[in-house]
Amino acid sequence: MLARVFSAAIQGVEAIQVEIEVNAGSGDPAIVLVGLPDAAVRESKDRVTTAIANSGFRWPRSRTTVNLAPADLKKEGPSFDLPIAVGMIAVAEGADMPRLGRCLMAGELSLNGEVRSIKGVLPIAIEARRRRKKAVIVPKANVREAAVVEGIEVYGVSNLRETFEFLARQRELPFSTEVFDFTQNGSEELDFAEVKGQHLVKRAIEVAVAGNHALLLIGPPGSGKSMLSKRIATIMPPMSIEEAIETTKIHSICGLLDDGNFFCTHRPFRAPHHTISDVGLIGGSTNPTPGEISLAHNGVLFLDELPEFKRSTLEVLRQPLEDRKVTVSRAAGTMTFPANVMLVAAMNPCACGYFGDPKRECRCSPKQVENYRNRVSGPLLDRIDIHVEAPAVEYKELSSDERAEASQAIRERVLGARKLQHERFAGKPKCHANAEMSHGLLKTHCKLDSEGKELLRHAMEELHLSARAYDRILKVSRTIADLAASPTICPPHLLEAIQYRTLDRNFWH
Ligand SMILES: [Zn+2]
């Protein structure tokens, strides 16, 4: 007898349907797994047979072959336990399961037959819908994650017997009819209204978000660099449903979702520690899981204490930041994880932290200050358009009752500037924002009049600005002009953009 059960394997951020054939042949009782299963899938043999016995079913008395197809697709993890067990019960009991062919299922089994939660339920549900299945059966703990997908019945199961009885039409299960209301999913917890003072830094953040520019905050401990950074996502454009699904898929694969947090409706903020490994940051190849840069997809990747990161680690970030995706090479082919992030970094002005602070004395020598700053120079710094100093907050600002401007108001201005960029770059699929302008686009859209040219030339000389700063200043001044709804870049826009090149100025000499 042959039984056929549908499940799915995770590849990158997608799930691909896997057909599990179970065949009871002749010969001594044994179970043979074929079709490129990894160690975790092979181990499922023992879990599955024990779970079957403990759920009160017979298990195959003869040689049983379990084939996972397509064979060239690597199957990983324990999520095939449930479909394999169902297939084995079907052949051992000779049971009729009329619902089996129209369902796709995944779940890990415990030894007593309970169905445990798994990773990657959202992409699995998406694949089930794509394959026009009527229903997807998932662990009860993952049901809300799957129910985000419309147009398919989602059933949460808690044990093997329940699953069998449902498939055999011996019992009914409620299916999740919860239509997910994307717009009503809570409010942002953080808001710029809570951040007093720091007007110049907040303005620089607004400019950075408006043009999608990478940002570096330089300030002493306690200047609120990470408090400010955590709120950056609150002024970015709201996520579209497509962006939210993309981001949620990545979090689903990493097993970061639960019943209370099953869908990413807010842009993510990820702040990996400077001791993070390269694999942790950009993703791994042996066990292909997305790294922090992909978990931050469509949101903010925050690197606090930038000079403390290993140079090699910053080096591996370069290509993914440029490509907006991570490509991982494996024996079975390459795999891609999306990584479209806004890069925000922060650092102290010097090793002791107090260079330039009016109240506390810096203990570093000029040479030490320079060495400290040189640790972040190079290819990654080249990609950061805006550097801004975050000074220590004055006591009178902290104690004032004045409520700062709310994130929503700032976001309105950002959206206005983004709309202009959207129109500007229509028909340019590789460029969505000013920060992404190629040299050619820069020449077209950042023309200066003679006054502007003279001003920039003067600033380059006076402030010892580097050549690489030139293009950056043009891009950022384009964004500042967009925020002012000005078709041309005017001298005040240029002057503001020049301010945002702190690390290019040799002002400690
Ligand atoms: Zn110092």
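Nothing here was measured: the structure is a model prediction, and the numbers come from that model.

(A) The arrangement of the overall build of the protein chain in detail. Counting secondary structure elements, the protein chain contains 19 helices and 16 strands. For the C-alpha atoms alone, the extent of the protein chain along its principal axes is close to 90 × 50 × 45 Å. Element-wise, carbon and sulfur atoms account for 50% of the exposed surface of the protein chain, whose accessible area totals about 22,900 Å². Each charge class in the protein chain was averaged separately, 65 positive and 64 negative side chains, and the resulting centres sit 3 Å apart.

(B) How the structure looks around helix H2 (residues 81-93). The first and last C-alpha atoms of H2 sit 18 Å apart over 13 residues, in line with the 18 Å expected at 1.5 Å per residue. A positive phi of about 65 degrees marks Gly94, the residue just after H2.

(C) The nonpolar core, seen in detail. Ranked by size, the top nonpolar core spans 50 residues in total, and within it Ile205, Leu215 and Ile232 carry the most contacts. If we skip the residues at most four places from it in the chain, Ile232 touches Phe192, Ile205, Val209, Leu215, Val300, Met342 and Val344.

(D) Quick peek at the packing of aromatic side chains. Overall, the coordinates contain three aromatic pairs when judged by the stated rule. Taking the centre distance of 4.9 Å and the plane angle of 70 degrees together, the rings of Phe57 and Phe164 count as edge-to-face. Taken together, the residues span a long stretch of sequence, with Phe57 in the loop between helix H1 (39-54) and strand S4 (63-69) and Phe164 in helix H5 (residues 160-167) at a distance of 107 residues. Each member of the pair Phe57 and Phe164 is classed as buried. Directly above the aromatic system of Phe57 lies the positively charged group of Arg161, at a separation of 4.2 Å from the ring centroid. For the cation-ring pair, Arg360 lies above Tyr354, with the distance from its terminal atom to the ring centre recorded as 4.0 Å.

(E) Spatial organisation of the coordination of the zinc ion. The coordination sphere of the zinc ion contains the protein donors Cys350 (SG), Cys352 (SG), Cys362 (SG) and Cys364 (SG), at a distance range of 2.1 to 2.4 Å. Positions of the donor residues of the zinc ion along the chain correspond to the pattern C-x1-C-x9-C-x1-C. With a gap of twelve residues between them, Cys352 in the loop between strand S15 (342-347) and helix H12 (366-374) and Cys364 in the loop between S15 and H12 connect regions that are remote in the sequence. Each member of the pair Cys352 and Cys364 is classed as buried.

(F) Region of the structure containing the environment of Ser79. As for its position among the elements, Ser79 is in the loop between S4 and H2. The sequence separation of Ser79 and Val121 amounts to 42 residues, and the corresponding C-alpha distance is 9.7 Å. Each residue touching Ser79, except ones within four places of it in the same chain, is listed here: Ser7, Ala8, Ala106, Gly107, Glu108 and Ile118.

(G) Main features of the layout of surface pockets. A volume near 1,400 Å³ is recorded for the largest pocket. Along the wall of the largest pocket there are 43 residues; nearest its centre are Asn212, Arg324, His432, Ala433 and Glu436. Of all elements in the fold, only helix H8 (241-253), helix H11 (311-323), S15, helix H15 (407-424), helix H16 (439-445) and helix H18 (467-483) reach the threshold of two or more residues within the lining of the largest pocket. Of the residues in the lining of the largest pocket, the class split is 16 nonpolar, ten polar and 17 charged.

(H) Spatial organisation of the pairing of S4. Burial along S4 is one-sided: the face carrying Thr64, Val66 and Leu68 is buried and the face carrying Arg63, Thr65, Asn67 and Ala69 is not. Bridge count between strand S3 (residues 30-34) and S4: five bridges; the pairing is parallel. Among the inter-strand pairings, Leu33 is bridged to a residue of S4, identified as Val66. Crossover S3 to S4 through H1 is left-handed.

(I) Summary view of the confidence of the model for the protein chain. When pLDDT is averaged along the protein chain, the result is 88, and 94% of the positions lie at 70 or above. Across the protein chain, element-level confidence peaks in strand S5 (residues 103-105) with a mean pLDDT of 97 and bottoms out in helix H14 (residues 395-398) with 66.

(J) Highlighting the sheet that holds strand S10 (residues 215-218). Within the open sheet, the five strands sit side by side as S11-S12-S15-S10-S16. Their pairing is parallel. Of all the strands in the sheet, just strand S11 (269-270) and strand S16 (386-389) have a single pairing partner and so form its edges. Taken together, the two bridges between S11 and strand S12 (residues 300-303) define a ladder with parallel strand orientation. Its bridge partner lying in S12, Phe269 is registered against Val300. Relative to the sheet, helix H6 (residues 199-211) contacts S10, S15 and S16, its axis offset from that of S16 by approximately 165 degrees.

(K) Spotlight on the environment of Ala346. Among the structural elements, Ala346 can be located in strand S15. The class of Ala346 is buried, set by a relative accessible area of 0%. Remark: the alpha-carbon pair of Ala346 and Cys364, spanning 18 residues in sequence, is separated by 19 Å. Excluding anything up to four places from it in sequence, Ala346 contacts Leu216, Leu217, Lys225, Phe302, Leu303, Asp304, Glu305, Leu306 and Pro307.

(L) Summary view of H5. Among the eight residues of H5, seven are classified as buried, and the element is accordingly described as predominantly covered. Where H5 begins, the side chain of Asn159 points an oxygen toward the backbone nitrogen of Arg161, at a separation of 3.2 Å. Arg169 occupies a position one or two residues after H5 and carries a positive phi of about 60 degrees.

(M) Representation of the packing of H15 against H18 within the structure. Look at H15 against H18: their axes get within 8 Å of each other, and the N-to-C directions meet at 115 degrees. Crossing of H15 over H18 shows right-handed handedness. Facing Arg413, Val414, Ala417, Leu420, Gln421 and Arg424 of H15, the residues of H18 in contact are Arg478, Asp482 and Leu483. Here the contact of H15 with H18 is composed, by residue class, of four nonpolar, one polar and four charged.

(N) Structural context of the pattern of salt bridges. For the coordinates displayed, the defined rule picks out 30 salt bridges. The closest approach of N and O atoms between Glu162 and Arg171, which form a salt bridge, is 3.9 Å. Each member of the salt-bridge network shares a partner with another, and the members are Arg203, Glu206, Glu405, Arg413 and Glu496.

(O) Quick look at the environment of Gly151. Examined against the element boundaries, Gly151 turns out to sit in the loop between helix H4 (143-147) and strand S9 (153-157). Of the residues examined, Gly151 reaches a relative accessible area of 73% and is grouped as exposed. The spatial distance from the C-alpha of Gly151 to the C-alpha of Arg129 is 7.0 Å, given a sequence separation of 22 residues.

What counts and how
- Residues numbered from 1 in each chain as written.
- Predicted model: local features only at pLDDT ≥ 70, side-chain atom pairs only at ≥ 80, totals over all residues.
- Heavy atoms only, no water.
- Helix = DSSP H or I, 4+ residues; strand = E, 2+ residues; numbered from the N terminus.
- Areas by Shrake-Rupley, 256 points an atom, 1.4 Å probe, with all protein chains shown as cover.
- Lys, Arg positive; Asp, Glu negative; His and termini not counted.
- Charge placed at Lys NZ, Arg CZ, Asp CG, Glu CD.
- Expected span 1.5 Å × (residues − 1).
- Core = buried A, V, L, I, M, F, W, Y, C linked by side-chain atoms within 4.5 Å.
- Buried < 20%, exposed > 50% of the residue type's maximum accessible area, 1.4 Å probe, protein only.
- Contact = heavy atoms within 4.5 Å.
- Phe/Tyr/Trp six-rings, centres within 6.5 Å; stacked < 30°, edge-to-face > 60°.
- Lys NZ or Arg CZ within 6 Å of the ring centre and 35° of its normal.
- Donors = N, O, S within 2.8 Å, 3.2 Å for Na, K, Ca; no water.
- 1 Å grid on protein atoms, 1.4 Å probe; cavity = no way out; pocket = protein on both sides within 12 Å on 5 of 7 lines; lining within 4 Å.
- Points joined across faces, edges and corners; volume = space filled by probe spheres on them.
- Nonpolar A, V, L, I, M, F, W, Y, C, P; charged D, E, K, R; others polar.
- Pairing = 2+ DSSP bridges.
- Right-handed = clockwise from strand over helix to strand, strands pointing away.
- pLDDT = per-residue confidence, 0-100.
- Axes fitted to C-alpha atoms, helices over the stretch in contact; angles between N-to-C directions.
- Polar contact = N/O pair within 3.5 Å; in protein donor to acceptor, adjacent residues only side chain to side chain.
- Left-handed = near helix turned anticlockwise from the far one by under 90°.
- Salt bridge = Lys/Arg side-chain N within 4 Å of Asp/Glu carboxyl O.

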